[in-house]
Amino acid sequence: MPKLKGVQIELTGRCNENCVHCYIPQDDRNHDMDSALLERIIDQCGKMGAERITFSGGEPMLHPDFLKAVVRANCKGLKVRILSNLLLLDDNKLATLKECHIHEIQTSLYSTEPTIHDAITQIFGSCERTKQGIAKLTQYGIPVFISCPITTINKNSYPVVLDFAKRFGASSVPDNMILAQSDGNGKNLEYRLNIDEALQVIQDILDNDTAYDHERFSPNYNNIEEALPCVQNICSDAICINAKGEVIPQPEWYKVLGDLNNQTLKDIWENSPEIKSLREINLKRFPKCESCPAIQFCGMDLGANANENLSRDPFVIPEHICILAESTRKLVHSHKSKLSKETA
């Protein structure tokens, strides 16, 4: 039986931003996790020997017992990670977060230019408040990770975000993969970069040697099973729990594996037939992928697959993913050939 190491808990579906690319459907943005259930889940994580816990949302700081949850998880010896837009960060929260030795707080900054960032969040003033939150966290010595999802609105902004992160000693990574809403509504994908736009971002990254994860573009895998860990490792050591108390495989994949309102986490982790079936998935379910020369450049995962087709089938790969993988392979090959000629 695999050991449960990580749990992500969606404290609430509510959010004080309304990001245009968000994968959470509007109908799921009005739930708060029951406080008594939240306490039980944290306690069960501790009993099962979990190592880390992530509090997310929506905006987790909107939950009335956000700080209590953080303190409780810390007391159970869990490494606490928080996903927040920081708009509700104040001195009281900062003091508690510092006292609990938070492992990391991740926030999204789409641009340092307010008109661009705020156009994505649809909240006036959110850019400045998020930047102020980042500055305060670093002053308190709390580790910060700045995510920069790249959309059609901010496609030219991520280099400045990376520079901003460096100024504050924060980690940062741009991400050009926007996921469809988990109810299968693909309306938010109108903000996803098209193939040419995505390739331009990758070319810029290769040319400018930013702090991006170059493993994506210079893979050194030992075998094909290592190429797509998001397929091979579903429910291998971590799960997610939404604000209703339902266990799901990934934050963006609304596939119910169990219900903590009437089951224990241990029972679901060890006995759920849905989890057992997910653990058996491997690349044999994707015969075309096994022989694909671009697989090492592929960003495909099961949740993203399911969200992009009407049948909600995780084994149907969106055409966009395949085209982008092959185009990226050619781009990286061309880039390496150019470098070889220059150094010859």
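Caption draft 1: Structural context of the overall build of the chain. Counting its regular elements, the chain contains 13 helices and nine strands. Over its C-alpha trace the chain gives a radius of gyration of 20 Å, about what one expects of a compact globule, namely 20 Å for 344 residues. Each principal axis of the C-alpha distribution contributes one length, and for the chain these read about 60 × 45 × 35 Å. In the chain, buried positions account for 50% of the 344 residues. At a minimum sequence separation of 6, the contacts of the chain that also span at least 24 residues come to 69%. Roughly 15900 Å² of accessible area belongs to the chain as shown, and the carbon and sulfur atoms make up 48% of that amount. Both charge centroids of the chain, one from 37 positive and one from 46 negative side chains, sit 3 Å from each other.

Caption draft 2: Layout of the nonpolar core. Counting residues in each nonpolar core, the largest one holds 86 residues, and the members touching the most others are Ile 9, Phe 55 and Ile 241. Among the elements that take part in this core, helix 7 (residues 195-208) stands out by supplying seven residues, more than any other. Apart from the residues within four sequence positions on either side, Phe 55 is in contact with Ile 9, Leu 11, Leu 38, Ile 42, Pro 60, Ala 69, Val 70, Ala 73, Val 80, Arg 81, Ile 82 and Leu 83.

Caption draft 3: Summary view of the pairing of strand 7 (residues 238-241). Direction of pairing for strand 1 (residues 6-10) relative to strand 7: parallel, over a ladder of four bridges. For Ile 9, the partnering residue across the bridge sits in strand 7 and is Ile 241.

Caption draft 4: Representation of the environment of Gly 58. Here Gly 58 is to be found in the loop between strand 2 (52-56) and helix 2 (66-75). Along the primary structure Gly 58 and Arg 29 are separated by 29 residues, whereas in three dimensions their C-alpha atoms are 6.9 Å apart. In this view, Gly 58 contacts Thr 12, Gly 13, Arg 14, Cys 15 and Ile 24; residues no more than four positions away in its chain are not counted.

Caption draft 5: Geometry of the sheet that holds strand 1. Here nine strands make up an open sheet; going across it, the order is 6-5-4-3-2-1-7-8-9 and the pairing mixed. This sheet does not close on itself; its edge strands, each paired only once, are strand 6 (171-175) and strand 9 (258-259). Of the strand pairs in this sheet, strand 4 (residues 104-108) and strand 5 (residues 144-149) are connected by four bridges, and their pairing is parallel. Residue pairing across strands places Thr 107 opposite Ile 146, the latter belonging to strand 5.

Caption draft 6: How the structure looks around the side chain of Asp 301. Its place among the elements puts Asp 301 in the loop between helix 11 (287-290) and helix 12 (302-307). Buried charge without a partner: Asp 301 forms no salt bridge, and the closest opposite charge is Arg 192, 10.0 Å away. Engagement of the side chain of Asp 301 in a polar contact is seen with the backbone nitrogen of Gly 303, the distance being 3.0 Å. A polar contact of 2.7 Å, which involves the side chain of Asp 301, links it to the backbone nitrogen of Ala 304.

Caption draft 7: Examining the environment of Cys 292 more closely. Considering the arrangement of structural elements, one finds Cys 292 in the loop between helix 11 and helix 12. For Cys 292, a relative accessible area of 30% corresponds to the partly exposed category. C-alpha of Cys 292 to C-alpha of Ser 334: the two residues are 42 residues apart in sequence and 18 Å apart in space.

Caption draft 8: Representation of the packing of aromatic side chains. Here the structure, examined in full by the defined rule, presents two aromatic pairs. Ring centres of Phe 164 and Phe 168 lie 4.9 Å apart, and the angle between their planes is 50°; this geometry places the pair in the tilted category. Seen in terms of ring centroids, Phe 286 and Phe 315 are 5.6 Å apart; in terms of plane orientation they differ by 45°. Their pairing is tilted. On the criterion of sequence distance, the pair formed by Phe 286 in the loop between helix 10 (273-279) and helix 11 and Phe 315 in the loop between helix 12 and helix 13 (319-343) is long-range, its members being 29 residues apart. Given a relative accessible area of 24%, Phe 315 falls into the partly exposed group. Across from the ring centre of Trp 269, 4.5 Å away, lies the NZ or CZ of Arg 279, which sits over that ring. The cationic tip of Arg 285 hangs over the ring face of Phe 315; the distance from NZ or CZ to the ring centre is 3.8 Å.

Caption draft 9: Expanded view of the packing of helix 2 against helix 3 (residues 91-99). Between helix 2 and helix 3, the shortest axis-to-axis distance is 10 Å and the interhelical angle comes to 10°. Classified by the angle their axes make, helix 2 and helix 3 are roughly parallel. Note on element contacts: helix 3 touches helix 2 through Asn 92, Lys 93, Thr 96 and Leu 97, opposite Phe 66, Leu 67, Val 70 and Val 71. When its residues are assigned to classes, the contact of helix 2 with helix 3 shows five nonpolar, two polar and one charged.

Caption draft 10: Main features of helix 13. Counted at 1.5 Å a residue, the expected span for helix 13 with its 25 residues is 36 Å, and the 37 Å between its end C-alpha atoms agrees. Listing the buried residues of helix 13 in full gives His 320, Ile 321, Leu 324, Ala 325, Ser 327, Thr 328, Leu 331, Val 332 and His 335. Contact partners of the buried residues in helix 13: helix 7.

The rules behind each value
- Residues numbered from 1 in each chain as written.
- Predicted model: local features only at pLDDT ≥ 70, side-chain atom pairs only at ≥ 80, totals over all residues.
- Heavy atoms only, no water.
- Helix = DSSP H or I, 4+ residues; strand = E, 2+ residues; numbered from the N terminus.
- Rg over C-alpha atoms; globule rule 2.2 N^0.38 Å.
- Buried < 20%, exposed > 50% of the residue type's maximum accessible area, 1.4 Å probe, protein only.
- Contact = heavy atoms within 4.5 Å.
- Areas by Shrake-Rupley, 256 points an atom, 1.4 Å probe, with all protein chains shown as cover.
- Lys, Arg positive; Asp, Glu negative; His and termini not counted.
- Charge placed at Lys NZ, Arg CZ, Asp CG, Glu CD.
- Core = buried A, V, L, I, M, F, W, Y, C linked by side-chain atoms within 4.5 Å.
- Pairing = 2+ DSSP bridges.
- Salt bridge = Lys/Arg side-chain N within 4 Å of Asp/Glu carboxyl O.
- Polar contact = N/O pair within 3.5 Å; in protein donor to acceptor, adjacent residues only side chain to side chain.
- Phe/Tyr/Trp six-rings, centres within 6.5 Å; stacked < 30°, edge-to-face > 60°.
- Lys NZ or Arg CZ within 6 Å of the ring centre and 35° of its normal.
- Axes fitted to C-alpha atoms, helices over the stretch in contact; angles between N-to-C directions.
- Parallel < 35°, antiparallel > 145°, perpendicular 65-115°, else oblique.
- Nonpolar A, V, L, I, M, F, W, Y, C, P; charged D, E, K, R; others polar.
- Expected span 1.5 Å × (residues − 1).

The analysis is restricted to geometry; functional conclusions fall outside its scope.
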